[in-house]
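Residue-level structure breakdown
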Amino acid sequence: MDHPSLYDDDIVTWAETQAAALRELGARADSSNAVDWENVAEEIESVGRSQIHAVESLLAQILSHLLKQVSAPAARANIHWREEVLTFHAAVVVRYENSMRQRIRWDQTWKLAQTIANSSLIAYGDALLPRLPEACPIALEEILAQPIDIDAALRRIADATSQH
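The sections below set out a description of the structure shown in this document. From a predicted model like this one, the values you see are computed outputs, not experimental measurements.

**What about the overall build of the protein?**
The number of helices and strands found in the protein is 7 helices and 0 strands. Secondary structure elements of the protein occur, N-terminal to C-terminal, as α-α-α-α-α-α-α. For the protein, the C-alpha radius of gyration of 20 Å lies well beyond 15 Å, the compact-globule estimate for 164 residues. C-alpha atoms of the protein, sized along the principal axes, occupy 70 × 30 × 25 Å. With 164 residues in all, the protein has 40% of them scored as buried. Intrachain contacts of the protein at a sequence separation of at least 6 include 73% that bridge at least 24 residues.

Here it is as structure tokens:
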């Protein structure tokens, strides 16, 4: 195969396309009954979903480390948290596909990040900033920007808490 495939360029769209094709093939009267078409299609779709979940997890880690930094700016771990943001950012940029944009559950990712950050901060004897907004004050595009502007993200979170 000399040309790049959708599989290499966008695994999520590839998985959805392949699953739809398999379902269509399975619905044909002349298709083999030996293949469990629906479950094969479902397994292929799960490949795409797992990629989305991996990206959401990385995004939650980025947000949780930002939350820890803004909530406990004097903590000794602050430099480590900043380094972690950069590490998770590098990983998410590599895995993110544009087709994921509509599928990422940004509000749930924000809530998960708060839970992760709060648990970690409690271990350090700190607490999450009060009055965090329901919706993430940072746009996904800002998190995915290269390079990520950590200081701007921290200001956005801090500003959002002062408005609530």
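**Looking at the environment of valine 55**
Structurally, valine 55 can be placed in helix α3 (residues 37-71). Between the alpha carbons of valine 55 and glutamate 97 there is a distance of 9.3 Å; along the sequence they are 42 residues apart.

**Brief notes about the packing of aromatic side chains**
Inspection of the entire model under this criterion finds 1 aromatic pair. Relative to tyrosine 124, the ring of tryptophan 81 has its centre 5.5 Å away and its plane inclined at 90°; by these criteria the two rings are edge-to-face. Taken together, the residues tryptophan 81 in helix α4 (residues 78-95) and tyrosine 124 in the loop between α5 (106-123) and α6 (140-144) connect sequence positions 43 residues apart. Judged by its relative accessible area of 1%, tryptophan 81 is buried.

**A closer look at the environment of alanine 15**
Mapped onto the elements, alanine 15 comes out in helix α2 (residues 11-27). When the C-alpha atoms of alanine 15 and serine 120 are compared, they prove to be 36 Å apart, with 105 residues separating the residues in sequence. If we ignore the near neighbours within four places in the chain, the residues touching alanine 15 are Ile44, Glu45 and Gly48.

The rules behind the values
Residues numbered from 1 in each chain as written. Predicted model: local features only at pLDDT ≥ 70, side-chain atom pairs only at ≥ 80, totals over all residues. Heavy atoms only, no water. Helix = DSSP H or I, 4+ residues; strand = E, 2+ residues; numbered from the N terminus. Rg over C-alpha atoms; globule rule 2.2 N^0.38 Å. Buried < 20%, exposed > 50% of the residue type's maximum accessible area, 1.4 Å probe, protein only. Contact = heavy atoms within 4.5 Å. Phe/Tyr/Trp six-rings, centres within 6.5 Å; stacked < 30°, edge-to-face > 60°.

Any link to function would need more than the numbers given here.
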